[in-house]
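Okay, here's what each chain looks like letter by letter:
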Amino acid sequence: MDVSSTIFQPIFEGVKQYVVPLFQRSYSWNKKEWLTLWEDLKELYDSENPRQHFMGSIVTIPAKSVPEGVAKFLLIDGQQRITTVYLILMAIGDLYCERGEQEKYEEIKNIYLVNPYKHGNDYYKLLPTQIDRSAFKRIINSPQEKIEHGMWEAYMFFKRKLSLNIDLDRIKTIITTKLSIVSIVLDATDNPYLVFESLNHKGKPLSVADLIRNYVFMNIHVDHQEDIYNDIWKPMQDRLGDTIPEFVRHYLTMNGDYINTGDVYNVLKERIDTVGVEECLKELEKYSKFYSIFLNPEKEKNEKIRKELLILKRLDISTSYPLLLNLYNLYSEGNISADEFEGMLCVIENYIIRRFVCGVPSNQLNKVFPQVYIQMKKIEKGSYLDKLKTVLQAKNYPKDYDFRENLKTAKLYGNGDRIKKTKIILDRIEQSYEHKEMSDLDELTIEHVMPQTLTDEWKIHLGDDCEQTYELYLNTLGNLTLTAYNSELSNGSFKRKCEIYKDSHLDMNRYFQNIEKWTAYEIKKRAGVLASKILKIYPYFGETISGRDIENVTGTKPYSLIVLGQEFNVNSWTDVLFYTLQVVSDLAPDKLELIENDYPSLLGRRADLFRRPKELANGYFYEAGLSAVHIYNFCKQLVNIMELSQDEWDVAVVNS
């Protein structure tokens, strides 16, 4: 690193170019900063013996360029002041030209503004960031043409000031010889991005999107930055906008890793350092197209897939995006058909709806979904659709009994996304009637048959236990329907509501044609009818054998083990034994001595007692050369010793 005090003249002289990196923000100085600089210049101009005026520092680093190119420097810090001084010199030159002083115009232009014998971008001594570049070139080449840009406004501000009886020769000398700066030139071995990060604290904090863009372009050769920006980054940025950080997080979790939002930048840096920036960018750009479709399903060309993606968007399960990115990639590359992909989207909807109805917490889905595709790849036989069903069924996927019972009793209507999910269930019920003139379901809202406000008339209608009926059944499936007349129905009597339901175009509302009263009994009865329909809409999928239901483990291959809510990816029954013992060792080390006494041929402190000993982290050894049946039975015994329930230890397998 070379640090020196200098003036502007040697900064601009010579065949060179200062490139504002693409990660820098666009030109942002406005009239306040321009006026401050002008007042400083005017004070020096009016002084008989002008002193040196310190303007701050600039940080640059030599950039590699093609052999015939000009000497290039990345302008890491100081772009606002450098650009503004450049615009002032440009205004001075243009005023020389307008006054017919062509020689002075040529001198200031060729010494300070351009490299006269170079072409293309190399022609310009200053090359702003991509966002400003087009406007900047227009100001140089056609300054008389007004454009809507801060740089043009700065140029005109100073041009007007310079036109007010200012000696151009004197002001030019002051600018080039009396404005001093500290020039920090980094070595090739210095990390310019770290310097930029340390300097940035004095300005507006960088967003995660800024950090990502900055690091990407700091790792791209300056001669390639513009092409990569135009071909890859800008289309991706236009596609995703402010969602880029979340997209990058989902992209990084496609391989099964869980990444906190605050760790996205650091993990991406590691990925770039490992696979290379251009390879990483190409992948990001590819998957950004898929991600854009998730955010805007109307872009999807296939009608069936589009409709299902719209449902998933309504379900608001962005946690599934890492899995969807993998699945859409399979579809885009022709590894699965459109019908199979649509089927997989339906399976995900099925999985989410069943868990919602059964009250399975969704706060772990951000860890569940990234693992699914990795586990699918471990299953050797079957279609991708079958593999998806197999994996998801082992991840707290409710069975028919639980699903049916909760459909009849659970409070589905509520705050937040509960309304969205319940609306989707009701929409699916109406669609299942396959009405030829389907109503626009988007225009419908959820209606409570027994109203949310219990009027005196409704209390009489419900009978003596009206309060209990209201509390237990108000928000359950049996009491909910769809309507376009919610405001008219409101707290109306059941008789009045039935009159409106009779004129409804919705098939689900025909149910009320012959219903004379609406009590707990009728609500439960309708819930049962609707539950039967929903079980057909969201049928139980897959053929995975749960560990709690295994009758014969011979010929099976485990792929997932859950112990106390912690999931382990396993490839063999030996893995199942190891992780089960490890959890026992970690959580209940006092139990090991008991296990050793009861199973001395399976667990102990001496390796020589076993045919195929393997060591646990705590120094205990266990027999690894057991059959699947013996491992399964031993693990079940361990489960009993640990006093775990069936739900707290479960292994998912497929037939090998």
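Keep in mind that what you see is a predicted model, and the values were worked out from it rather than measured. Every chain's residues receive numbers from 1 upward, in the order its sequence appears when written. Whole-chain, interface and lining totals are the exception, using all residues; otherwise, since this is a predicted model, local features are given only for residues with pLDDT of at least 70 and side-chain atom pairs are given and counted only at 80 or more. Where side-chain values are given, they derive from all heavy atoms of the structure, hydrogens and water being excluded.

Engineer: Help me understand empty space enclosed by the protein, please; the structure alone is not making it clear to me.
Structural biologist: To find leftover empty space, one rolls a probe the size of a water molecule over the atoms. Of the two site types, the cavity is a set of points on a 1 Å grid over the protein atoms alone where a 1.4 Å probe fits but cannot get out, and the pocket is an open set with protein on both sides within 12 Å along at least five of seven lines, each lined by residues with an atom within 4 Å of a point. Grid points are joined across faces, edges and corners, and a volume is the space filled by probe spheres set on the points. Under the definition given, this model contains three cavities of 30 Å³ or more. Taken as a whole, the largest cavity spans an internal volume of roughly 50 Å³. As for the largest cavity, its lining consists of Arg249, His250, Thr253, Asp257, Tyr258, Ile259, Thr319, Pro322, Asn366 and Pro370. Secondary structure is summarised from DSSP: a helix means a run of H or I of at least four residues, a strand means a run of E of at least two, and numbering begins at the N terminus for each. If you list the elements that add at least two residues to the lining of the largest cavity, you get helix 11 (244-252) and helix 17 (365-378).

Engineer: I would appreciate a short explanation of the sheet that holds strand 3 (residues 53-63) in the present structure.
Structural biologist: Pairing between sheet strands relies on hydrogen bonds along the backbone, with the strands arranged either parallel or antiparallel. Two strands are counted as paired when DSSP detects at least two bridges linking them. Spatial ordering of the open sheet is given by 1-6-3-4-2-5, a layout of six strands whose pairing is mixed. Two strands close off the open sheet at either side, each with one partner strand: strand 1 (2-7) and strand 5 (126-127). As defined by bridge partners, strand 2 (residues 16-19) adjoins strand 4 (residues 71-77) across four bridges and the pair is classed as parallel. By the bridge assignment, valine 19 is partnered in strand 4 with leucine 74.

Engineer: What is the right way to look at the sheet that holds strand 13 (residues 613-615) in this model?
Structural biologist: The strand order across the open sheet built from three strands is 12-14-13, with neighbouring strands paired in antiparallel fashion. Strand pairing shows two members of the sheet lacking a second neighbour, strand 12 (603-604) and strand 13, which therefore form its edges. One ladder, built from three bridges, connects strand 13 with strand 14 (residues 621-623); its direction is antiparallel. Pairing of proline 613 across the sheet is with glutamate 623, part of strand 14. The contact rule is simple, with two residues in contact once any of their heavy atoms fall within 4.5 Å. Between N-to-C directions, angles cover 0 to 180 degrees, with each direction set by a line fitted to C-alpha atoms, over the stretch in contact for helices. Across the face of the sheet, helix 26 (residues 573-587) comes into contact with strand 12, strand 13 and strand 14 while running at roughly 150 degrees to strand 14.

Engineer: What exactly am I supposed to notice about the nonpolar core here?
Structural biologist: Inside soluble globular proteins, nonpolar side chains tend to come together where they are buried. In this structure, Leu327, Ile348 and Leu388 are the most contacted members of the largest nonpolar core, which totals 96 residues. Apart from the residues within four sequence positions on either side, isoleucine 348 is in contact with Leu312, Ile317, Leu323, Leu324, Leu327, Phe369 and Leu388. As used here, the term nonpolar core means buried Ala, Val, Leu, Ile, Met, Phe, Trp, Tyr and Cys residues forming a set that is joined through side-chain atoms within 4.5 Å. Each residue gets one of three labels from its accessible area relative to the maximum for its type: buried under 20%, exposed over 50%, partly exposed in between, using a 1.4 Å probe on protein chains only. Counting residues in hydrophobic clusters, the runner-up holds 65 residues, among them Trp34, Leu95, Tyr105 and Leu127.

Engineer: I'm lost on the pattern of salt bridges in this one. Help?
Structural biologist: Here the idea is simple: oppositely charged side chains can pair when their charged atoms come close. Think of a salt bridge as a Lys or Arg side-chain nitrogen and an Asp or Glu carboxyl oxygen that are within 4 Å of each other. One pass over the structure, following the stated rule, counts 28 salt bridges. When the shortest N-O distance is used, the salt bridge between lysine 420 and aspartate 316 registers 4.0 Å. You can see lysine 420 sitting in helix 20 (residues 417-432) and its partner aspartate 316 sitting in the loop between helix 14 (303-315) and helix 15 (321-332), a full 104 residues away along the chain. Looking at aspartate 316, the relative accessible area reads 47%, which means it is partly exposed. Each of the salt bridges in this network shares a partner with another, and the network as a whole consists of Glu101, Lys104 and Asp169.

Engineer: Help me understand the packing of helix 2 (residues 31-46) against helix 6 (residues 150-162) in this model?
Structural biologist: Axes are the key here: two packed helices are described by the angle between their axes and the distance separating the axes. Viewed as axis vectors pointing N to C, helix 2 and helix 6 meet at an angle of 35 degrees, and their least axial separation amounts to 11 Å. Considering how the two elements wind past one another, helix 2 and helix 6 form a crossing that is right-handed. Two secondary-structure elements touch here, helix 2 through Lys31, Trp34, Leu35, Leu37 and Trp38 and helix 6 through Gly150, Glu153, Ala154, Phe157, Phe158, Lys161 and Leu162. Put simply, Ala, Val, Leu, Ile, Met, Phe, Trp, Tyr, Cys and Pro go in the nonpolar bin, Asp, Glu, Lys and Arg in the charged bin, and everything else, Gly too, in the polar bin. Residues belonging to the contact of helix 2 with helix 6 are distributed by class as follows: eight nonpolar, one polar and three charged. Should the near helix be turned counterclockwise from the far one by less than a right angle, the crossing is left-handed, whereas a clockwise turn marks it as right-handed.

Engineer: In this structure, what is going on with the confidence of the model for the chain? I would like to understand it.
Structural biologist: Interpreting fine coordinate detail is not advised for predicted regions of low pLDDT. Residue-level pLDDT values for the chain average 87, and 92% of them are 70 or greater. One confidence number per residue, pLDDT, is output by the predictor and ranges from 0 to 100. Predicted confidence for residues 544-549 stays below pLDDT 50, and this span has 19 contacts to residues more than four positions away or in other chains.

Engineer: Got a minute to help me understand the pairing of strand 3 in this structure?
Structural biologist: Across a regular strand the side chains alternate sides, sitting on one face of the sheet and then on the other. With nine of its 11 residues buried, strand 3 lies for the most part within the structure. The pairing of strand 3 with strand 4 spans five bridges and is antiparallel. Paired with proline 62 across the bridge in strand 4 is phenylalanine 73.

Engineer: I keep staring at the packing of aromatic side chains and nothing clicks. Help me out?
Structural biologist: Each aromatic ring pair is characterised by the separation of its centres together with the angle its planes make. Side-chain rings of Phe, Tyr and Trp, where Trp is taken by its six-membered ring, are said to pair if the distance between their centres is within 6.5 Å; with planes under 30 degrees apart they count as stacked, over 60 as edge-to-face, and otherwise as tilted. Applying the stated criterion to the full structure yields 35 aromatic pairs. When the centroid spacing of 6.4 Å and the interplanar angle of 35 degrees are considered together, the rings of phenylalanine 247 and tyrosine 251 count as tilted. Of this pair, phenylalanine 247 and tyrosine 251 both sit in helix 11, four residues apart, which is roughly one turn of the helix. Residue classification places tyrosine 251 among the buried positions, given a relative accessible area of 4%. In this scheme, Lys NZ or Arg CZ marks a charge over a ring once it lies within 6 Å of the ring centre and within 35 degrees of the ring normal. Against the face of tyrosine 45 rests arginine 170, its NZ or CZ located 5.6 Å from the ring centre. The ring of tyrosine 258 carries lysine 367 above its face, with NZ or CZ at 5.1 Å from the centroid.

Engineer: Help me understand the state of the cysteines in this model?
Structural biologist: What we call a disulfide is simply a covalent bond connecting the sulfur atoms of a pair of cysteines. For the purposes of this analysis, a disulfide is any pair of cysteine sulfur atoms at a distance within 2.5 Å. Enumeration according to the criterion identifies zero disulfides in this entry. We note that cysteine 498 lacks a disulfide partner, and the nearest cysteine sulfur, in cysteine 466, lies 19 Å from it. We classify cysteine 498 as buried; its relative accessible area is 15%.

Engineer: What is the right way to read the side chain of glutamine 130 from this model?
Structural biologist: Take glutamine 130: it is sitting in helix 5 (residues 130-141). What qualifies as a polar contact is a pair of N or O atoms within 3.5 Å, subject to a donor-acceptor requirement within protein and to the restriction that residues adjacent in sequence count only when both atoms come from side chains. A distance of 3.2 Å separates a polar atom in the side chain of glutamine 130 from a polar atom in the side chain of asparagine 230.

Engineer: Is there a simple way to think about the side chain of lysine 497 in this case?
Structural biologist: Looking at where lysine 497 falls in the secondary structure, it is placed in helix 24 (residues 494-502). Ignoring anything within four residues of it in the chain, the contact list for lysine 497 reads Glu447, His448, Val449, Pro451, Leu489, Ser490 and Gly492.

Engineer: Help me understand unusual backbone geometry, please; the structure alone is not making it clear to me.
Structural biologist: Note: most residues except glycine have negative phi, and most peptide bonds are trans. One non-glycine residue, asparagine 165, lies in positive phi territory at about 55 degrees. With respect to the helices, strands and loops of the structure, asparagine 165 is situated in the loop between helix 6 and helix 7 (168-177). For asparagine 396, which is not glycine, the phi torsion reads 55 degrees and is therefore positive. Considering the arrangement of structural elements, one finds asparagine 396 in the loop between helix 18 (384-393) and helix 19 (400-409). By relative accessible area, asparagine 396 is classed as exposed at 54%.

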